[in-house]
Amino acid sequence: MASAAAIPSHSLTQAPALAGPIALLGRLFFALIFLMAGPNHFSSQTIAYAASQGVPLASIAVPLSGLLAILGGLSILLGYRARIGAWLIALFLVVVTPAMHKFWGVSDPMMHQMQMIMFMKNMAMLGGALLITQLGAGPWSLDARQR
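Below is a short write-up of the structure.

The rules behind each value
- Residues numbered from 1 in each chain as written.
- Predicted model: local features only at pLDDT ≥ 70, side-chain atom pairs only at ≥ 80, totals over all residues.
- Heavy atoms only, no water.
- Axes fitted to C-alpha atoms, helices over the stretch in contact; angles between N-to-C directions.
- Helix = DSSP H or I, 4+ residues; strand = E, 2+ residues; numbered from the N terminus.
- Parallel < 35°, antiparallel > 145°, perpendicular 65-115°, else oblique.
- Left-handed = near helix turned anticlockwise from the far one by under 90°.
- Contact = heavy atoms within 4.5 Å.
- Nonpolar A, V, L, I, M, F, W, Y, C, P; charged D, E, K, R; others polar.

### Looking at the packing of helix α5 (residues 82-100) against helix α6 (residues 109-135)
One can describe the packing of α5 onto α6 by two numbers: an axis separation of 8 Å at closest approach and a directional angle of 160°. The orientation of α5 relative to α6 falls into the category roughly antiparallel. α6 is crossed by α5, and the crossing has left-handed handedness. Residues A82, R83, A86, W87, I89, A90, L93, V94, T97, P98 and M100 of α5 pack against Q115, F119, N122, M123, M125, L126, A129, L130, I132, T133, Q134 and L135 of α6. For the contact of α5 with α6, the residue count by class is 17 nonpolar, 5 polar and 1 charged.

### Looking at the packing of helix α2 (residues 19-37) against α6
Interaxial distance between α2 and α6 falls to 11 Å at its minimum, and their mutual angle equals 120°. Considering the angle they form, α2 stands oblique to α6. The two elements α2 and α6 meet at a crossing, and its hand is left-handed. On α6, the residues touching F30, I33 and F34 of α2 are K121, M125, G128, A129 and I132. A breakdown of the residues in the contact of α2 with α6 according to their chemical character gives 6 nonpolar, 1 polar and 1 charged.

Everything listed here is a matter of coordinates, which is why it stays silent on function.
Right, here's the structure in full:
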């Protein structure tokens, strides 16, 4: 294991040449799921499913969650006010994850496993969103251009 003393000091303060494209690619991959799933939150099938899972006021809550997912995803993808967009995604995940992926209450072993995987996937994405709230979008972003 390398200690911090073994890392050249310039590497701690200077972004490598690939930081921009890698951050852009990371934002694309991260935002894609929210941008692809968000529009589904306006469909009657998705609203009905959420209602069947006990989501209160599903006809309002589900489209609102879709709006959070789309706005947050676009913000992160473009790197425009990405920290705010990441908070929108974090809010979305904190509300949606325990409401829609209650693996602890599923008795069928296969569905239990599936819901637990979905829950843990959302927790991992919440971790990524929280990182973006603190670190921002990176060098190849609209936020970086405005500085």
